[in-house]
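# Breakdown of the fold
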Amino acid sequence: MTIARSSGVLLHPTSLPGPYGIGELGVHAQAFIDWLAQAGQRYWQVMPLGPTGYGDSPYQAFSAFAGNPYLVSLQDLRADGLLRSSDFDVVPEFSAERVDFGQQYIWRNQMLDRAYAHFEVVLLEDEHPLQADFERFCQEEAGWLDDYALYTALKATQGGLPWNAWPAPLRKRRPSAMHQMRELLRRDIRRVSFHQFLFFRQWRALRDYARAKGIAVIGDIPIFVAMDSSDAWAHPEQFLFDDEGQPTVVAGVPPDYFSETGQLWGNPLYRWDAMQGNDFAWWIERVRSSLSLFDVVRIDHFRGFAAYWEIPYPALTAVHGRWVPAPGHALFETIRTALGELNIIAEDLGVVTPDVEALRDDFSLPGMAVLQFAFGGGDFSVNAFLPENLKENQVVYTGTHDNDTTRGWWVNAEESEKHAYRVYTHSDPGEEDFAWALTQMAFHSRPNLAVVPLQDLLNLGSADRMNLPGTTGPQNWTWRYRSELLTPALAAKLRELTAQTGRLAPEPVTPPPAAPGPDETAPNEAGKAATAEGAVAKSKEKRSRKKAG
């Protein structure tokens with residue numbers, strides 16, 4: 001894959017502003033895209049968009065194919081007539097700075113369930129405008145949706161327990177039990193499917209909006225799936241499980257920059273021989289699905305396709321594991337044959353060995369470079385992440401979602417790293433200036449694509465980092481920004497740097513209108529909502545008169 005010289009911003013949609021406690025795929029997402037266009041950017045990079053479970057990590061989703069219904073814009077549902085003004089009479093007090101996923105789990109699911117209930121009511125008396133689209137979605141996505149909807153409905157009957165703790169008939173998907181539960185949970189299964197329909201409908205509309213503004217989206221594929229996922233439950237033959245559905249080994253990484261005891265992820269590992277025997281059909285569909293949602297995908301932990309760290313189960317840390325070869329070349333050759341050119345970025349950080357480099361380069365996949373890593377080591381002059389050691393076919397970052405913010409990194413860096421930076425740049429930036437200095441270094445560097453987390457553009461400190469690897473808790477995945485921070489002045493500053501470094505999109509970019517405040521609904525959305533509610537009311541009145549006549 002070849003990327004033209006360009007730049008972009010890393011921001012997960014949950015971090016968008018808005019009135020309902022979490023970022024949504026509505027007016028504030030559009031405002032962010034408008035700001036990116038104003039700033040001369042060509043890419044918006046997001047993390048995985050799947051439904052999250054325990055720990056709230058987007059890298060531990062309940063499905064490799066499903067979307068996160070928490071991101072569905074409630075105001076857009078109101079505009080569609082699926083929610084009413086009265087549904088918003090009691091709204092919790094949400095934080096503008098942090099996502100409370102427990103609060104979202106309760107309130108937002110209630111709102112989505114109301115939307116489905118309204119949809120059902122209309123269908124009892126007449127056709128809903130979205131009915132045909134919903135039925136088409138269920139048919140087109142049946143390959144994963146049927147399993148996911150059943151898994152989600154079953155999970156609710158089991159008190160939220162992971163599937164490998166369910167009774168054997170459900171855990172092992174015995175046909176009689178599956179038939180019985182499909183009949184018993186028919187409405188719940190359809191409701192889950194409807195939530196997915198809403199997510200994909202809104203995401204695809206937002207992606208079309210981004211394309212119209214000249215913004216491409218970089219998505220993210222975690223190499224592994226979560227243990228508690230519909231994928232593992234529906235396809236146990238493709239994972240290293242015992243006869244009872246328990247893992248025999250799990251995934252992680254050995255001790256590294258982030259942890260002295262390694263990272264014990266706990267994901268099930270693939271039975272690669274079974275996958276290869278089926279011509280990697282599951283992987284082809286996974287990549288195909290991702291490329292239908294994104295313009296480019298980044299595969300997290302790419303080195304696991306060359307060899308992965310296998311940890312016996314159970315274990316307390318990732319220290320006692322071993323490297324096991326994986327059939328990466330055969331996999332990507334099969335995917336390329338099926339899907340054509342691979343618009344894939346390889347996250348090749350960590351322990352990068354010659355076999356990883358060969359796998360990446362044989363398929364011309366851009367790797368990654370993180371400038372926060374450029375100034376460590378005994379002899380930093382040979383550090384692979386220094387700007388002069390980078391390649392055009394790479395993506396350079398100041399930091400990633402797993403790093404500290406760049407300002408926070410500078411404050412907490414070892415003195416040897418700070419000294420190396422000062423020697424290399426012949427400068428001594430203060431805390432206030434370092435994030436922009438590293439952003440400038442990224443944009444001036446050789447790689448064709450430079451990506452900066454929004455926290456670095458906003459010059460935020462450690463309290464606003466997205467994730468601290470190896471930990472769980474409210475410090476991870478919950479950060480949000482306030483809309484007033486995305487100023488025209490910051491857009492102009494970033495646009496100027498983008499132009500100076502030859503990364504500016506050639507198309508003219510029209511400055512966007514002022515973004516709505518964090519607690520505002522755009523006037524046109526309010527109007528659409530009122531119109532939709534009025535239309536629904538008129539439709540009911542018309543049907544009542546018809547019945548009365």
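In what follows, the accompanying structure is described. Keep in mind the model is a prediction, meaning the values are calculated, not measured.

### So, the overall build of the chain
Scanning the chain for helices and strands turns up 19 helices and twelve strands. Taking 2.2 N^0.38 as the reference for a compact globule, 549 residues should give roughly 24 Å; the C-alpha atoms of the chain span a radius of gyration of 24 Å, in line with that estimate. If one aligns the C-alpha atoms of the chain with their principal axes, the spans along those axes are about 85 × 60 × 40 Å. Sequence separation of 24 or more characterises 75% of the internal contacts of the chain that already satisfy a separation of 6 or more. Taken as a whole, the chain presents about 22,900 Å² of accessible surface, with 53% of it coming from carbon and sulfur. Mean positive and mean negative side-chain charge positions of the chain (50 and 69 charges, respectively) differ by 7 Å.

### Points about the packing of helix H16 (residues 434-444) against helix H18 (residues 488-500)
Running from N to C, H16 and H18 point in directions that differ by 35°, and their axes come no closer than 9 Å. For the crossing formed where H16 meets H18, the hand is right-handed. Mapping the contact onto sequence places Trp 436, Thr 439, Gln 440, Phe 443 and His 444 in H16 and Lys 493, Leu 494, Leu 497 and Thr 498 in H18.

### Looking at the side chain of Ser 230
Along the chain, Ser 230 turns up in helix H9 (residues 230-234). The residues contacting Ser 230, other than those within four sequence positions of it, are Phe 62, Ser 63, Asp 147, Tyr 148 and Tyr 151.

### Some thoughts on the packing of aromatic side chains
Throughout the structure, instances matching the rule amount to 54 aromatic pairs. Look at Phe 137 and Phe 200: their rings are 5.6 Å apart centre to centre, the planes differ by 40°, and that puts the pair in the tilted class. Here Phe 137, found in helix H4 (residues 131-140), pairs with Phe 200, found in helix H8 (residues 186-212); they are 63 residues apart in sequence, far enough to count as distant. Here the two residues Phe 137 and Phe 200 agree in accessibility, since each one is buried. With a centroid separation of 5.1 Å and an interplanar angle of 80°, the aromatic rings of Phe 305 and Phe 332 are classed as edge-to-face. With Phe 305 in the loop between strand S6 (296-300) and strand S7 (307-312) and Phe 332 in helix H12 (residues 328-339), the pair connects residues that are 27 residues apart, well separated along the chain. Across from the ring centre of Trp 233, 4.3 Å away, lies the NZ or CZ of Arg 173, which sits over that ring. For the cation-ring pair, Arg 503 lies above Phe 443, with the distance from its terminal atom to the ring centre recorded as 5.9 Å.

### Focus: the packing of helix H5 (residues 142-157) against H8
Between two packed helices, both the angle of their axes relative to each other and the distance between the axes serve to describe the pair. Interhelical geometry of H5 versus H8 gives an angle of 125° and a closest axis separation of 8 Å. Between H5 and H8, the angle is such that the two are oblique. For the pair H5 and H8, the crossing hand works out as right-handed. Listed contacts from H8 to Trp 144, Leu 145, Tyr 148, Ala 149, Leu 150, Thr 152 and Ala 153 of H5 are Asp 188, Ile 189, Val 192, Ser 193, Gln 196 and Phe 200. Here the contact of H5 with H8 is built from residues that sort into nine nonpolar, three polar and one charged.

### What about the nonpolar core?
Phe 32, Trp 272, Trp 283, Phe 305, Phe 332 and Leu 454 are the most contacted members of the largest nonpolar core, which has 163 residues in total. Residue contributions to this core peak at ten residues, all from H8. Setting aside its immediate chain neighbours within four residues, Trp 272 contacts Phe 280, Trp 283, Phe 305, Tyr 308, Ala 326, Pro 327 and Leu 331.

### Points about unusual backbone geometry
Here the amide bond leading from Tyr 313 into Pro 314 is cis, since omega sits at 0°, within 30 degrees of zero. Secondary-structure assignment places Pro 314 in the loop between S7 and strand S8 (322-325). Phi at Phe 280 is positive, roughly 55°, even though this residue is not glycine. Turning to its location among the elements, Phe 280 is positioned in the loop between helix H10 (272-277) and helix H11 (281-293). At His 426, a residue that is not glycine, the phi angle is positive and equals roughly 55°.

### Regarding the environment of Ala 39
Residue placement: Ala 39 occurs in the loop between helix H1 (27-38) and strand S2 (43-45). Distance from Ala 39 to Leu 504, taken between C-alpha atoms, is 9.0 Å for residues 465 residues apart in sequence. Discounting residues that sit within four places of it in the chain, Ala 39 has contacts with Ala 491, Leu 494, Arg 495 and Thr 498.

Calculation rules
- Every chain begins its residue count from 1, and numbering advances along the sequence as written.
- At least 70 in pLDDT is required for a residue's local features to be given in this predicted model, at least 80 for side-chain atom pairs to be given and counted, and no such filter applies to totals for whole chains, interfaces and linings, which use all residues.
- The side-chain figures draw on all heavy atoms in the structure; neither hydrogens nor water molecules are used.
- Every helix listed is a DSSP run of H or I at least four residues long, and every strand listed is a run of E at least two residues long, numbered separately from the N terminus.
- The atom set for the radius of gyration is the C-alpha atoms, and the globule formula is 2.2 Å times the number of residues raised to the power 0.38.
- Contact criterion: two residues are considered in contact whenever any of their non-hydrogen atoms come within 4.5 Å of each other.
- Per-residue accessibility takes into account occlusion by the displayed protein chains alone, with areas from the Shrake-Rupley method and a 1.4 Å probe.
- Neither His nor the chain ends contribute to the count of charged residues, in which Lys and Arg are positive and Asp and Glu negative.
- Charged side chains are reduced to one point each, which is NZ for Lys, CZ for Arg, CG for Asp and CD for Glu.
- Fitted lines through C-alpha atoms give the axes, limited to the stretch in contact for helices. The angle between two N-to-C directions lies from 0 to 180 degrees.
- Definitions for this section: a left-handed crossing has its near helix turned counterclockwise from the far helix by less than a right angle. A right-handed crossing has that turn clockwise.
- Two aromatic rings from Phe, Tyr or Trp, using only the six-membered ring of Trp, form a pair when their centres are within 6.5 Å; if the ring planes differ by under 30 degrees the pair is stacked, by over 60 it is edge-to-face, and anything between is tilted.
- For every residue, the accessible area obtained with a 1.4 Å probe (protein chains only) is divided by the maximum for its type, and the residue is called buried under 20%, exposed over 50%, and partly exposed between those limits.
- Remark: a charge is flagged as sitting over a ring if the NZ atom of Lys or the CZ atom of Arg is within 6 Å of the ring centre and within 35 degrees of the ring normal.
- For classification, angles of less than 35 degrees are called roughly parallel, those exceeding 145 degrees roughly antiparallel, those between 65 and 115 degrees roughly perpendicular, and all remaining angles oblique.
- Three classes are used: nonpolar for Ala, Val, Leu, Ile, Met, Phe, Trp, Tyr, Cys and Pro, charged for Asp, Glu, Lys and Arg, and polar for all others, with Gly counted as polar.
- Among buried residues, the Ala, Val, Leu, Ile, Met, Phe, Trp, Tyr and Cys ones that are joined through side-chain atoms within 4.5 Å form a nonpolar core.

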